[in-house]
Amino acid sequence: MTVKLDALDRKILAELTQNARVPIAELARKVGLSKTPVALRIKHLEEIGLITGYRAILSPLKLGLTHVTYVEVSMSDTRETALQQFNAAVRAIPEIEECYMIAGGFDYLVKVRSRDMADFRRIMAEKISGLPHISNTSSYVSMEAVVEQTFTLG
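Right, let's walk through the structure included here. Computed from a predicted structure; not experimentally measured.

Criteria and cut-off values
Residues numbered from 1 in each chain as written. Predicted model: local features only at pLDDT ≥ 70, side-chain atom pairs only at ≥ 80, totals over all residues. Heavy atoms only, no water. Pairing = 2+ DSSP bridges. Helix = DSSP H or I, 4+ residues; strand = E, 2+ residues; numbered from the N terminus. Axes fitted to C-alpha atoms, helices over the stretch in contact; angles between N-to-C directions. Buried < 20%, exposed > 50% of the residue type's maximum accessible area, 1.4 Å probe, protein only. Arc of directions from axis to C-beta. Contact = heavy atoms within 4.5 Å. Polar contact = N/O pair within 3.5 Å; in protein donor to acceptor, adjacent residues only side chain to side chain. Core = buried A, V, L, I, M, F, W, Y, C linked by side-chain atoms within 4.5 Å.

So, on to the sheet that holds strand 1 (residues 67–75). With antiparallel pairing, 4 strands are arranged side by side in an open sheet as 2-3-1-4. Each edge of the sheet is formed by a strand with only one pairing partner; in this case those strands are strand 2 (96–101) and strand 4 (134–141). Across the sheet, the axes of successive neighbouring strands diverge by a mean angle of 20°, strand direction being ignored. Direction of pairing for strand 2 relative to strand 3 (residues 108–114): antiparallel, over a ladder of 5 bridges.

And the structure:
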(Lines give C-alpha, C1' and ligand atoms only; values in the text may rest on other atoms or scores of the structure.)
Protein backbone atom coordinates (compact mmCIF):
# COMPACT_ATOMS: atom_id res chain seq x y z
CA MET A 1 0.00 0.00 0.00
CA THR A 2 1.48 3.32 -1.08
CA VAL A 3 0.84 6.29 1.19
CA LYS A 4 -0.18 9.57 -0.43
CA LEU A 5 1.57 12.53 1.13
CA ASP A 6 0.72 16.18 0.76
CA ALA A 7 3.34 18.95 0.70
CA LEU A 8 3.08 19.58 4.46
CA ASP A 9 3.58 15.89 5.31
CA ARG A 10 6.64 15.88 3.05
CA LYS A 11 8.03 18.97 4.78
CA ILE A 12 7.46 17.40 8.20
CA LEU A 13 9.14 14.16 7.15
CA ALA A 14 12.06 16.01 5.59
CA GLU A 15 12.64 17.92 8.83
CA LEU A 16 12.26 14.81 11.00
CA THR A 17 14.73 12.82 8.90
CA GLN A 18 17.27 15.59 9.41
CA ASN A 19 16.60 15.88 13.15
CA ALA A 20 13.99 13.66 14.81
CA ARG A 21 14.59 15.46 18.11
CA VAL A 22 13.43 18.83 16.80
CA PRO A 23 10.89 20.32 19.24
CA ILE A 24 7.31 20.38 17.93
CA ALA A 25 7.19 24.19 18.25
CA GLU A 26 10.28 24.60 16.06
CA LEU A 27 9.05 22.00 13.57
CA ALA A 28 5.69 23.78 13.38
CA ARG A 29 7.43 27.08 12.68
CA LYS A 30 9.58 25.50 9.95
CA VAL A 31 6.61 23.96 8.11
CA GLY A 32 4.20 26.86 8.64
CA LEU A 33 1.61 25.26 10.93
CA SER A 34 0.77 25.50 14.60
CA LYS A 35 1.92 22.83 17.07
CA THR A 36 -1.33 20.87 17.35
CA PRO A 37 -1.78 20.12 13.61
CA VAL A 38 1.90 19.15 13.32
CA ALA A 39 1.63 16.81 16.31
CA LEU A 40 -1.55 15.26 14.84
CA ARG A 41 0.12 14.77 11.46
CA ILE A 42 3.13 13.08 13.08
CA LYS A 43 0.83 10.83 15.11
CA HIS A 44 -1.06 9.89 11.93
CA LEU A 45 2.19 9.15 10.05
CA GLU A 46 3.24 6.88 12.94
CA GLU A 47 -0.16 5.14 13.08
CA ILE A 48 -0.18 4.31 9.36
CA GLY A 49 3.34 2.92 9.67
CA LEU A 50 5.15 5.48 7.54
CA ILE A 51 7.24 6.58 10.52
CA THR A 52 8.41 3.28 11.96
CA GLY A 53 10.51 4.60 14.85
CA TYR A 54 13.19 6.97 16.02
CA ARG A 55 16.81 6.10 16.66
CA ALA A 56 20.26 7.46 17.21
CA ILE A 57 22.53 7.14 14.18
CA LEU A 58 26.01 6.19 15.33
CA SER A 59 29.24 7.04 13.56
CA PRO A 60 30.94 3.78 12.56
CA LEU A 61 34.17 5.71 12.05
CA LYS A 62 34.15 7.04 15.63
CA LEU A 63 33.57 3.45 16.80
CA GLY A 64 36.63 2.30 14.86
CA LEU A 65 34.58 0.37 12.30
CA THR A 66 36.30 1.79 9.23
CA HIS A 67 36.51 -1.37 7.12
CA VAL A 68 33.57 -2.20 4.84
CA THR A 69 33.38 -5.39 2.82
CA TYR A 70 30.59 -6.56 0.56
CA VAL A 71 30.13 -10.30 0.38
CA GLU A 72 28.29 -12.10 -2.40
CA VAL A 73 26.71 -15.26 -1.02
CA SER A 74 25.59 -18.18 -3.16
CA MET A 75 23.34 -20.73 -1.55
CA SER A 76 23.44 -24.51 -1.87
CA ASP A 77 19.70 -24.66 -1.23
CA THR A 78 17.20 -21.96 -2.18
CA ARG A 79 14.01 -23.59 -0.97
CA GLU A 80 11.95 -21.43 1.37
CA THR A 81 12.94 -23.27 4.55
CA ALA A 82 16.66 -22.87 3.76
CA LEU A 83 16.22 -19.18 2.98
CA GLN A 84 14.35 -18.63 6.25
CA GLN A 85 17.12 -20.40 8.18
CA PHE A 86 19.79 -18.27 6.48
CA ASN A 87 17.81 -15.06 7.07
CA ALA A 88 17.37 -15.79 10.77
CA ALA A 89 21.05 -16.67 11.21
CA VAL A 90 22.35 -13.62 9.35
CA ARG A 91 20.20 -11.30 11.49
CA ALA A 92 22.03 -12.59 14.57
CA ILE A 93 25.44 -11.34 13.39
CA PRO A 94 25.89 -7.75 14.63
CA GLU A 95 28.76 -7.01 12.21
CA ILE A 96 26.39 -7.47 9.27
CA GLU A 97 25.08 -3.99 8.62
CA GLU A 98 22.89 -4.89 5.65
CA CYS A 99 21.81 -8.04 3.83
CA TYR A 100 19.78 -8.22 0.64
CA MET A 101 18.37 -11.17 -1.29
CA ILE A 102 19.45 -10.63 -4.90
CA ALA A 103 18.01 -11.74 -8.24
CA GLY A 104 21.03 -12.51 -10.37
CA GLY A 105 24.24 -14.51 -10.40
CA PHE A 106 24.31 -15.00 -6.62
CA ASP A 107 21.69 -15.12 -3.87
CA TYR A 108 22.55 -12.52 -1.21
CA LEU A 109 24.64 -9.37 -0.92
CA VAL A 110 25.91 -8.75 2.61
CA LYS A 111 27.54 -5.57 3.93
CA VAL A 112 29.99 -6.30 6.73
CA ARG A 113 31.48 -3.54 8.87
CA SER A 114 34.67 -4.32 10.81
CA ARG A 115 37.76 -2.68 12.34
CA ASP A 116 40.25 -3.90 9.74
CA MET A 117 41.07 -6.83 7.44
CA ALA A 118 42.09 -9.09 10.34
CA ASP A 119 38.75 -8.39 12.05
CA PHE A 120 36.90 -9.11 8.80
CA ARG A 121 38.76 -12.42 8.41
CA ARG A 122 37.70 -13.35 11.95
CA ILE A 123 34.06 -12.49 11.21
CA MET A 124 34.17 -14.56 8.01
CA ALA A 125 35.81 -17.53 9.71
CA GLU A 126 33.79 -17.54 12.93
CA LYS A 127 30.40 -16.32 11.79
CA ILE A 128 29.64 -15.93 8.10
CA SER A 129 31.22 -19.17 6.88
CA GLY A 130 29.06 -21.04 9.39
CA LEU A 131 25.78 -19.66 8.09
CA PRO A 132 23.40 -22.39 6.91
CA HIS A 133 23.19 -23.46 3.27
CA ILE A 134 26.09 -21.36 1.91
CA SER A 135 27.87 -22.91 -1.06
CA ASN A 136 30.39 -20.12 -1.70
CA THR A 137 31.18 -16.45 -1.13
CA SER A 138 33.10 -13.68 -2.89
CA SER A 139 34.27 -10.61 -1.00
CA TYR A 140 34.83 -7.05 -2.20
CA VAL A 141 36.61 -4.54 0.03
CA SER A 142 35.39 -0.95 -0.12
CA MET A 143 38.14 1.62 -0.62
CA GLU A 144 36.00 4.71 0.05
CA ALA A 145 32.38 5.60 0.83
CA VAL A 146 31.34 8.05 -1.88
CA VAL A 147 27.67 8.20 -0.79
CA GLU A 148 26.57 6.67 2.48
CA GLN A 149 23.43 7.91 4.16
CA THR A 150 20.14 6.94 5.68
CA PHE A 151 16.98 7.27 3.59
CA THR A 152 15.47 10.75 3.44
CA LEU A 153 12.79 12.42 1.36
CA GLY A 154 14.19 14.91 -1.04
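All buried positions along helix 5 (residues 117–126) are accounted for by D119, F120, I123 and M124. With its buried residues spanning 140° around the axis, helix 5 presents them on a single face. Seen from the buried face of helix 5, the exposed residues on the opposite side, beyond 90 degrees, are A118, R121, A125 and E126. Along its buried surface, helix 5 packs onto strand 1, strand 3 and strand 4. N-capping of helix 5 is provided by D116, with a side-chain oxygen placed 3.2 Å from the backbone N of A118.

Let's shift gears to the nonpolar core. V112 and I128 are the most contacted members of the largest nonpolar core, which has 16 residues in total. Those elements that provide at least two residues to this core are strand 1, helix 4 (80–91), strand 3 and helix 5. When sequence neighbours within four positions are dropped, the list of residues in contact with I128 reads I93, I96, V112, I123 and I134. Within the second largest apolar cluster, 11 residues are counted, among which are I12, L13, A28 and L45.

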